[in-house]
Amino acid sequence: MFEVANLASQEAMLTGESVPIDKVTNAIDIAGGNPQATPLGDRRNMCFSATLVAQGSGTGIATTTGDNTEIGTINALVSKVEKKKTNVLKQIDTVSKWLAFFISITAVITFLVAKFRTGMSAIDSVSTALVCAVAMIPEGLEAIVTLTYAWAVSNMAKNNAIIRALPAVETLGSVTVICSDKTGTLTQNVMSLTAFVTSNARYRNDVNSSDRVNTNFVRDDSYMAERANHQLQRSVSQVIKDGPGTNEPRRGHANASNHFAIQSLHTPADGGAIAERVSDSLPVGEGESPSTDYIRSALAGGVLCS
């Protein structure tokens, strides 16, 4: 960019940043003399293909097009990903090869018996061998595999997991660890209020609701009312030795490998003490929605975001 006027670009698609990036015309210091080593988020004097202009205007020079752009590079890498077969598909291929081998051997034996044992003509012997070979092909195998996959996909859908490719259900079902990125990849790139906590109550906000009704914001004192007891944290060497935290004991171990214990934020003992110290009135009961005036008065003293 060689000319910008209050220009800002939304680059969450490439960098994951949820806020627009202000563009400048100043030169960028290159670390180590390699321009490609500069992160995309730090290239503030460049605009990228497939990103959106949030505000302002500007003029620049196109340096790359097509697959040479950043989004084009990603597309090229994705298109070159090698498709691997799942274990079930590999086993089906193995079974199919063995079936083809035995069916061929059986067809040859059938032809020889029909030709030299029973004295049938060559054409009749070939026809008999082909009929036997076709009869031995398991035509229902594909349908059985498809029905099995469909049943598995139906079970996954009941747990809010929608799968586009049927064979993927096998791989997804065997996953034990999921490594995911942050904002913009698995999220909606939107910051939303999920919980509102006052001195003596907790309120839950349904951010996934499609209707704007009062029941989206209700009092729920049990919502997000637990936290990890970090005083029970083990040493790094002990954590590595135990492996990932889980409620189930590992193979060969009698105890689970939880690194943190869960304690309630409001224990019965603390509840009485809080009630003695805090005299705030509760505007609504459990499961009810407070009024707009109460929310505004609660926000008057400031908000602590976490």
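Since the model is a prediction, treat every value here as computed from it, not as a measurement.

Participant: Would you take a moment to explain the overall build of the chain for this structure?
Facilitator: Scanning the chain from N- to C-terminus turns up 9 helices and 8 strands. Counting only residues that meet the buried cut, the chain has 17% of its 306 residues in that class. A separation of at least 24 residues holds for 51% of the contacts in the chain among residues at least 6 apart in sequence. Only carbon and sulfur atoms are counted for the fraction: they give 56% of the accessible area of the chain, which is about 22,900 Å².

Participant: Help me understand the sheet that holds strand 2 (residues 21-22), please; the structure alone is not making it clear to me.
Facilitator: Paired through their backbone hydrogen bonds, the strands of a sheet run either parallel or antiparallel. Read from one edge of the open sheet, 3 strands run 2-1-3, paired in antiparallel fashion. Looking at the sheet topology across the chains shown, the edges are occupied by strand 2 and strand 3 (52-59).

Participant: Can you help me understand unusual backbone geometry in this one?
Facilitator: The phi torsion of most residues other than glycine is negative, and most of the peptide bonds are trans. Positive phi outside glycine occurs at asparagine 6, with the angle close to 55°. Position of asparagine 6 among the secondary structure elements: in strand 1 (residues 3-10).

Participant: Looking at this structure, I do not really get a nonpolar patch on the surface. What am I missing?
Facilitator: Together, Trp98, Phe101, Phe102, Ile105, Ile109 and Val113 give the surface a local cluster of nonpolar side chains, amounting to about 610 Å² of exposed area. Residue placement: phenylalanine 102 occurs in helix 3 (residues 87-117).

Participant: Is there a simple way to think about the confidence of the model for the chain in this case?
Facilitator: Regions with low pLDDT should not have their predicted coordinates read in detail. In this model, the chain carries a mean pLDDT of 77, and residues with pLDDT of at least 70 account for 76%. Counted against residues more than four places away or in other chains, residues 266-279, with its pLDDT under 50, gives 5 contacts.

Participant: Could you clarify how one ought to interpret the sheet that holds strand 4 (residues 195-197) in this entry?
Facilitator: Taken in spatial order, the 3 strands line up as 4-5-6 in an open sheet, and their pairing is antiparallel. Bordering the open sheet on either side are strand 4 and strand 6 (217-219), each of which pairs with just one other strand. In this sheet, neighbouring strand axes are inclined to one another by 20° on average, regardless of whether the strands run parallel or antiparallel. Bridge analysis of strand 4 against strand 5 (residues 202-205) gives 3 bridges, and the strand direction is antiparallel. Looking at strand 5, one finds that valine 197 is bridged to arginine 202.

Participant: How do you make sense of helix 5 (residues 141-158) when you look at a structure like this?
Facilitator: Helical geometry: 3.6 residues make up each α-helical turn, so side chains three or four residues apart lie on a common side. Here helix 5 spans 26 Å end to end across 18 residues, near enough to the 26 Å set by a 1.5 Å rise per residue. Asparagine 160 sits one or two residues past helix 5 and shows a positive phi near 65°.

Participant: How should I be thinking about the pattern of salt bridges in this particular structure?
Facilitator: Two side chains that carry opposite charge are able to pair once their charged atoms sit near each other. Taken as a whole, this structure holds 5 salt bridges when the rule is applied. Its salt-bridge partner being arginine 43, residue glutamate 70 comes within 3.5 Å of it at the nearest N-O pair. One end of the pair, glutamate 70, is in helix 2 (residues 70-79); the other, arginine 43, is in the loop between strand 2 and strand 3, and 27 residues separate them in sequence. Via salt bridges that share partners, Arg219, Asp221 and Glu286 belong to a single interconnected network.

Participant: How should the environment of leucine 40 be read in this particular structure?
Facilitator: Position of leucine 40 relative to the elements: it lies in the loop between strand 2 and strand 3. Considering only alpha carbons, one finds leucine 40 and threonine 15, 25 residues apart in sequence, at a separation of 6.7 Å. Those residues within four positions of leucine 40 in sequence are excluded, and the remaining contacts are Glu11, Leu14, Thr15, Phe48 and Glu70.

Participant: Which parts of the structure should I look at to understand the packing of aromatic side chains?
Facilitator: Within a pair of aromatic rings, the relevant descriptors are the distance that separates the centres and the angle that separates the planes. Scanning the model with the defined rule gives 7 aromatic pairs in all. Ring geometry for tryptophan 98 against phenylalanine 101: centres 6.2 Å apart, planes inclined by 90°, an arrangement best described as edge-to-face. Highlighted residues: tryptophan 98 and phenylalanine 101, both in helix 3, separated by 3 residues, approximately one helical turn. The exposure class assigned to tryptophan 98 is exposed, which follows from its relative accessible area of 51%. Considering the side-chain rings of tyrosine 203 and tyrosine 294, the 6.3 Å spacing of their centres and the 55° angle between planes classify their relative orientation as tilted. On the criterion of sequence distance, the pair formed by tyrosine 203 in strand 5 and tyrosine 294 in helix 9 (residues 292-299) is long-range, its members being 91 residues apart. Considered together, tyrosine 203 and tyrosine 294 belong to a single accessibility category, that of buried residues. Three or more aromatic residues link up through ring pairs in this structure, and these residues are Phe196, Tyr203, Phe217 and Tyr294.

About the criteria used
- Residues numbered from 1 in each chain as written.
- Predicted model: local features only at pLDDT ≥ 70, side-chain atom pairs only at ≥ 80, totals over all residues.
- Heavy atoms only, no water.
- Helix = DSSP H or I, 4+ residues; strand = E, 2+ residues; numbered from the N terminus.
- Buried < 20%, exposed > 50% of the residue type's maximum accessible area, 1.4 Å probe, protein only.
- Contact = heavy atoms within 4.5 Å.
- Areas by Shrake-Rupley, 256 points an atom, 1.4 Å probe, with all protein chains shown as cover.
- Pairing = 2+ DSSP bridges.
- Patch = residues over 30% accessible without salt bridge, like charges linked within 9 Å, V, L, I, M, F, W, Y side chains within 5 Å.
- Salt bridge = Lys/Arg side-chain N within 4 Å of Asp/Glu carboxyl O.
- pLDDT = per-residue confidence, 0-100.
- Axes fitted to C-alpha atoms, helices over the stretch in contact; angles between N-to-C directions.
- Expected span 1.5 Å × (residues − 1).
- Phe/Tyr/Trp six-rings, centres within 6.5 Å; stacked < 30°, edge-to-face > 60°.

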